[in-house]
Each structure stands twice: as C-alpha cells, then as structure tokens.
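# Architecture and fold: a report
Below are the chains, spelled out letter by letter.
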There are 2 protein chains.
Amino acid sequence: MSLTQQVLKGNRLALSRLLTLVENNSPEGRAALAELFSHTGKAHLIGVTGSPGTGKSSLVNQLVLQYRKMDQKKVAVIAVDPSSPFTGGAVLGDRVRMRDLSGDDGVFIRSMASRGSVGGIAQTTAALAQVFDAAGYEIVIIETVGAGQSEVEIARLAHTTLVVEAPGLGDDIQAIKAGILEIADVLVINKADRPGVEHTERALRSSLELARPVSRVYHHGQAMTVKAHKPPPNTWIPPINKTIATDGSGIAKVIESIAKHMQYLRTSGEWNARERARLRSETEALVRDTLMTQFLEGLPEGAFESALERVFSHSLSPIEAAQFLAQTERPQTPRATKEQP
Amino acid sequence: MSLTQQVLKGNRLALSRLLTLVENNSPEGRAALAELFSHTGKAHLIGVTGSPGTGKSSLVNQLVLQYRKMDQKKVAVIAVDPSSPFTGGAVLGDRVRMRDLSGDDGVFIRSMASRGSVGGIAQTTAALAQVFDAAGYEIVIIETVGAGQSEVEIARLAHTTLVVEAPGLGDDIQAIKAGILEIADVLVINKADRPGVEHTERALRSSLELARPVSRVYHHGQAMTVKAHKPPPNTWIPPINKTIATDGSGIAKVIESIAKHMQYLRTSGEWNARERARLRSETEALVRDTLMTQFLEGLPEGAFESALERVFSHSLSPIEAAQFLAQTERPQTPRATKEQP
C-alpha cells in the first residue's frame, strides 16, 4: 500500500512521514500532495495568532481539548514559529503540549521550525494543512507567534483567524495590533482574570470601530468619508471573547464564535471566495517555482555566474542581468531557424 | 536634466520623486535603478531591529544626530513597519522624527508602509537603499519593527545589524530573541536607566555564549559537541552597548561599535562576501519576476483562468496545474518546426 493510501486509511506513522516529506519539499512529497488533492477542501482551517505573552499556546491546547470533548472532531495543530528562524525551538513546545493531549488518536500536533522566507513558510504551512485535510482532520489549527507579516500571509490560508490579546502587555504592543486587527475574525482576550481587562476590551472595541467600513459621500463636489452608522448587511463583526486558558473559562464561547463565523462564511459565499484566493496564490507560487527550475536547467553552464560577476563589478545592474539572463532562454523563434540552411 | 541626473546632483525633490517611483516598482523606477547602479556600493547599510517598546526609533534618531555632528556624513533612514501591513501608520512617525532633524539637508527620512509579501518588502527596501547610496548618502539606516522573519530578510541586506533590547520586557519576549540574536552584529540595551538592566545584560551574555561556535570532537567513536574555549581568530563577537536614547547617553559608543564592525568587515573579506550574497539574491528575485512576466505575456488568453477553474473544482492539483501551465509556454523545439512543410 502506498504512503498516501496509508495516510488516507488513518495510519499516523505514515502521516508523520508524509508531513516530513512535504515539509522538506521533496519530489515524493510533491507527488503525494498532487495525489491527495482531490481529497481536500473539507477541513476548517483556523489561524490563531497574537503576541508572545498572550497565552496563545494554552488557548490552542484548550480549543483542541474542547473540540475533542464536544464534537469528537479530529483536530490537527500546525505550530509555526517564525520568530525563531535559526533555533529549533519547536521541540520543547511539543513536549509541553503533549502532556494534555497524548494518547488521543484524534489529535495530531506538528511543529514547524520556520526555515527560509516567509513566502516559503506560508507555502509549506498550506501544504501541511492539505495533508491533514486529506487525512480526515476536520479542524486544522495553525498557530503563529509574533505580530509580523507572516501572520498576515498565514491568515490568508485560514478560513477563520483568531487574534489573541492579553491585558497589560503595554501600549506599544497594543499599537502594533492596529494592523493585525484587520485580519481578525474572532478576538480573544486571554488571561481575563488579570487587572486591566476592561481597558484592553475598550481599546479593542474602539479599534474595531475605527476599522468599520466607511462610505464615501460627496458634498458640494468634495469627497467626504462618513462612518457607517450601521454596518452593511451581511458583514461579519469580530466578536470579542474573554478566556482564562489555564482553567478553560470561556473556551466554549470561542468555539461557538468560530462555528458562527463558519456559518457566516458559508451563507455569504465568503468560504468559496477564500478557497479560490488561496488556491490561486498557491498555484501562482508553484508556477513561479516551476519556471525558475526550468530556466536554470535550460541555462548554459556558467551563464548565471558570469552575469553575476558583471553585477559584482558594478558594470551591469541586477535588473539588466535579470533581463539578459531571461532572454538567454527565450524560445527559438521560427525566424531564427529559417536563417539556417 | 533627467530625474536620475538631478538625484545625482543632490536635488531632494527629485530624490523624493524617484523613491516613490522605485517603491511603486514603476517602469521609470526600474530604469532609473539600472542607470544609478554603477554609482552604488559605497554606502554603509545599517539595520536596526528590536521589539516594540525598546525605544528603537529614539535610538535611530540619536544615531542620525550623532553621525551628523561627528562626521558630517549624509544619513538616510528607511523606516520599514511590517507589523502594520494595512494601516499607513508611518506618517505620524515621520512627523515625530522630523522635529529633531528638520532643516538638515544631510538627512533624509523615508517611511515605507509595508505592502505585499515580506520578500517584496526586502526587495523594495534594497532598491530604496540603492537610490540613497547612489545619491551620496554614506550611512543608510534601515529600521524595522517586530521580531519576525522580515527582520532576518532585511538583515541580509544590511552590512551591520543592530539588535535593540530593553530591560523589563518580559521573559516571553526575551525567549523570542534567541533567533534574532544570531543576526546581531551589535547589541544595544536601551533604556539602560530602567531597573533590570543587569538582568537583561546577563541574559544577553549567556545567549551569546550559547550561540558561540562549537566544535565537534569524537570520544570513543561518539560525536560530542564541545564549546570552543576561545572564539576562532577573525571572529566578530557582538559587543553589548548600553544607551539611554532619550538623553543621548551611550550613543557615541554605539557609533564606535558600528565603525569597528565595518573595519572587521573590510579586513576579514566579509564586506565583499555580504555584497555578493546580497546582489546574488537580488538578481535571482528579479530573474523570477522577469520569467513570470514573460510567461504571463506568452500564455494564451484565458489559459491561466481555465487551469485555475479545474483547481477550484479539485479535479487538478495546484502542482499539476503549475506544471501544465509551465509546459504551455515551453519553447518550440526544432523538431516541431521541421514537421511543418
């Protein structure tokens, strides 16, 4: 039985091996992805992001436990840690998580030490999520650390994105959230037993107000921006949930918010729109990779290096070098062939 | 006089316009970059990164003032803010900075609202740095926010990378630094008048110890990792500088550390190595872009969309679609032409 067949049958060891092949972007991994693709498109991908110190990992832990208890759904967690590109810090995290969840066959946790560029991370995360999806995991949680561009890239993968906050992390950190708020489908204030929780909630509400869709009206020919009194119909307003992940308080409410968001995605047509956007950017990235590989294979030996030497000596600009190289591989036009006897 | 000529003559308005053309990746911008390239390679690119709350922007402000006062060097600042991909938060920052530095013709500050992917940000930052370099700015400071992958990408551009810390930001945040430490050439503990500064310094020193090169020895046939007693000769050990950016304390020492690092880069051959690595990855990225553009132009109308439709319906995987599409544009082989009459 092939590895993909074993994965489809629920073999955890095979799944683990396949995830490694896919993470390493090996030829077998790519072939398996192609084979599994027709089995995908069923999982609910949930992104969980927030600054360090918000207790995000404990929250993910609780979400998994709750999904297992309530719905008996199969749950996978992909823990991405883009803040630590060099150290393989993922291993310890795994062990800590495993305590609560070990022995449960319906749960699979995978840590990804983020190597390479953010584009690469998002691409690998998407591929791992597809494997879990094909393997029958109905909930795939993608956990990211930090407050950077990577969260945004990964949020584009997820159907539902949770942004986790906590009281008392300082105003600097709150300020940073202005951008991250716009990717939030569900907001969670964790550590809600801490002082300052009302302040955090107020700050979030006013940030949400600011982010609310505005309309543009014209007054005496001048454009004015007017805040909508009511949000337009069929708009999702991110709910704010309060939790204490260490004792599980509020987790059920978060699960409810996620379910409601899923419902909204389905009825509004957003689900399809997000799926299409996701598959489009995945395909585009793969086309780019394929073109570059073909190009490098077709290039005469040493051509790339000798163009680079001219760049190093500042006699050719990188742009000119790129155009020159790209032309090197241009298809032979019929005219060129005609000139030959 | 062309825009690039005006920029080379020191016209600030022309510089500002050119930066916008380059940031928007317009055809004029690309042409100007190619034209200016032979004037580049002189500036010292300094990356400054660190978490929010470390007072990084004040530090950059002080560095600029000091460079102007001490050496009369022309200084440019590129402020990249990847944490806020959607909001144009850069404008306010500009105004705050401008107070101290306005009226000084030897200083140019440019904020970049980070749009698109991190790869894109690094590429645009590199392009802006080249414009400043050609325009005669001897120091180009690239300031980034957050602790993510983007810092690493941008650090690859810089000759010297400063990592800024501050006491009392919590252990979570310290932990995150494990990865960022490895890109640091100079460490700065800002807000050094705050309690906990000794703790922060100790933590940094021990992290640096951990990051020190190790050798692998064999004992009874088993590999053992042994910490080097002394760092190998010609190794740069990041100095730790303490500053209070609000009153300028310690800034002169930081400038000294940066100068020493520059000296080290020159004598060790690292300067050339970094320049080559930078230009190589820039050229590669441009080749990728050029190939994709050529490919899309050569593709029959609607071919991309119809392949995507098959992906959306899950009858073709993204990988298969990419391979199929990339083959569509393959050069006509001589054999194919021969079969025609």
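Residues numbered from 1 in each chain as written. Chains lettered and ligands numbered in written order. Predicted model: local features only at pLDDT ≥ 70, side-chain atom pairs only at ≥ 80, totals over all residues.

## Some thoughts on the overall build of chain A
Along chain A, the regular secondary structure elements total 14 helices and 9 strands. Split into buried and exposed, the 341 residues of chain A put 42% on the buried side. Here the analysis covers contacts within chain A between residues at least 6 apart in sequence; of these, 73% occur between residues at least 24 apart. (Helix = DSSP H or I, 4+ residues; strand = E, 2+ residues; numbered from the N terminus. Buried ≥ 20, exposed ≤ 12 C-beta atoms within 10 Å, placed from the backbone. Contact = placed C-beta atoms within 7 Å.)

## Remarks on the packing of helix α11 (residues 270-298) of chain A against helix α12 (residues 303-312) of chain B
Between α11(A) and α12(B), the shortest axis-to-axis distance is 10 Å and the interhelical angle comes to 125°. Our classification of the angle between α11(A) and α12(B) gives oblique. Once α11(A) is placed against α12(B), the crossing between them reads as right-handed. Across the interface between the two elements, A:R276, A:L279, A:R280 and A:T283 of α11(A) pack against B:L308, B:V311 and B:F312 of α12(B). Residue classes in the contact of α11(A) with α12(B) are distributed as 4 nonpolar, 1 polar and 2 charged. (Axes fitted to C-alpha atoms, helices over the stretch in contact; angles between N-to-C directions. Parallel < 35°, antiparallel > 145°, perpendicular 65-115°, else oblique. Left-handed = near helix turned anticlockwise from the far one by under 90°. Nonpolar A, V, L, I, M, F, W, Y, C, P; charged D, E, K, R; others polar.)

## Quick word on the nonpolar core
Counting residues in each nonpolar core, the largest one holds 150 residues, and the members touching the most others are A:V140, B:V140 and B:I142. What B:I142 contacts, discounting residues up to four positions off in sequence, is B:L45, B:I46, B:G47, B:I78, B:V80, B:T125, B:A129, B:I154, B:L157 and B:A158. (Core = buried A, V, L, I, M, F, W, Y, C linked by C-beta atoms within 7 Å.)

## Some points on the pairing of strand β4 (residues 139-143) of chain A
Looking down a regular strand, the side chains alternate between one sheet face and the other. Residues and elements named next belong to chain A. With 5 of 5 residues buried, β4 lies mostly within the body of the structure. Here strand β1 (residues 44-50) pairs with β4 via 5 bridges, running parallel. Note that in β4 the partner of G47 across the bridge is I142. (Pairing = 2+ DSSP bridges.)

## Overview of the environment of A:L59
All names here are of chain A. As for its position among the elements, L59 is in helix α4 (residues 56-71). Considered as a pair, L59 and I244 are 185 residues apart in the sequence and their alpha carbons are 8.2 Å apart. In contact with L59, not counting residues within four places along its chain, are V48, V164, V188, N190, T243 and A245.

## What to know about helix α4 (residues 56-71) of chain B
Here α4(B) is 16 residues long and its end C-alpha atoms lie 22 Å apart, about the 22 Å a rise of 1.5 Å per residue gives. Buried within α4(B) are the following residues: B:K56, B:S58, B:L59, B:V60, B:N61, B:Q62, B:L63, B:V64 and B:Y67. (Expected span 1.5 Å × (residues − 1).)

## Some points on the confidence of the model for chain A
Parts of the prediction with low pLDDT should not have their coordinates interpreted in detail. Residue and element names in this part refer to chain A. Here chain A averages 79 in pLDDT, while 74% of its residues score no lower than 70. This model gives residues 171-176 a pLDDT under 50, and the stretch forms 10 contacts once residues within four places in sequence are excluded. Considering only residues more than four positions removed or in separate chains, one finds that residues 330-341, a stretch of pLDDT under 50, has 8 contacts. Confidence metrics for the complex model read pTM 0.67 and ipTM 0.72. (pLDDT = per-residue confidence, 0-100.)

## Here we look at the pairing of strand β6 (residues 186-189) of chain B
Residues and elements named next belong to chain B. Burial of β6 is two-sided: the residues V186 and V188 facing one way and the residues L187 and I189 facing the other way are all buried. Pairing of strand β5 (residues 160-165) with β6 involves 4 bridges; the strand directions are parallel. Along β6, the bridge assignment pairs V164 with V188. Of the strand pairs in this sheet, β6 and strand β9 (residues 240-242) are connected by 3 bridges, and their pairing is parallel.

## Let's talk about unusual backbone geometry
Residue and element names in this part refer to chain A. Even without a glycine there, the phi angle at Q72 is positive, about 55°. One non-glycine residue, K191, adopts positive backbone phi at about 55°. Tracing the sequence through the fold places K191 in the loop between β6 (186-189) and α9 (197-211).

## Quick look at the packing of helix α12 (residues 303-312) of chain A against helix α13 (residues 318-328) of chain A
All names here are of chain A. Interaxial distance between α12 and α13 falls to 10 Å at its minimum, and their mutual angle equals 160°. Put simply, α12 runs roughly antiparallel to α13. Viewed along their axes, α12 and α13 form a crossing whose handedness is right-handed. Counted together, A303, F304, A307, R310 and V311 of α12 and P318, A321, F324, L325 and T328 of α13 form the full contact between these two elements. Grouping the amino acids of the contact of α12 with α13 by side-chain chemistry returns 8 nonpolar, 1 polar and 1 charged.

## Describing helix α13 (residues 318-328) of chain B
Inspection of α13(B) places B:P318, B:I319, B:A321, B:A322, B:L325 and B:A326 among the buried residues, and these make up the whole buried set. Looking down the long axis of α13(B), one finds its buried residues gathered within 160° of arc, a one-sided arrangement. (Arc of directions from axis to C-beta.)

## A word on the environment of B:V80
For B:V80, the location among the structural elements is in strand β2 (residues 75-81). On the basis of neighbour count, B:V80 is assigned to the buried category, with 26 C-beta atoms found within 10 Å.

## A look at the environment of A:L157
All names here are of chain A. Following the sequence through the fold, L157 ends up in the loop between α7 (149-155) and β5 (160-165). When the 22 C-beta atoms within 10 Å are taken as the criterion, L157 is described as buried. Taking the C-alpha atoms as reference points, L157 and Q123, 34 residues apart in sequence, are found 9.2 Å from one another.

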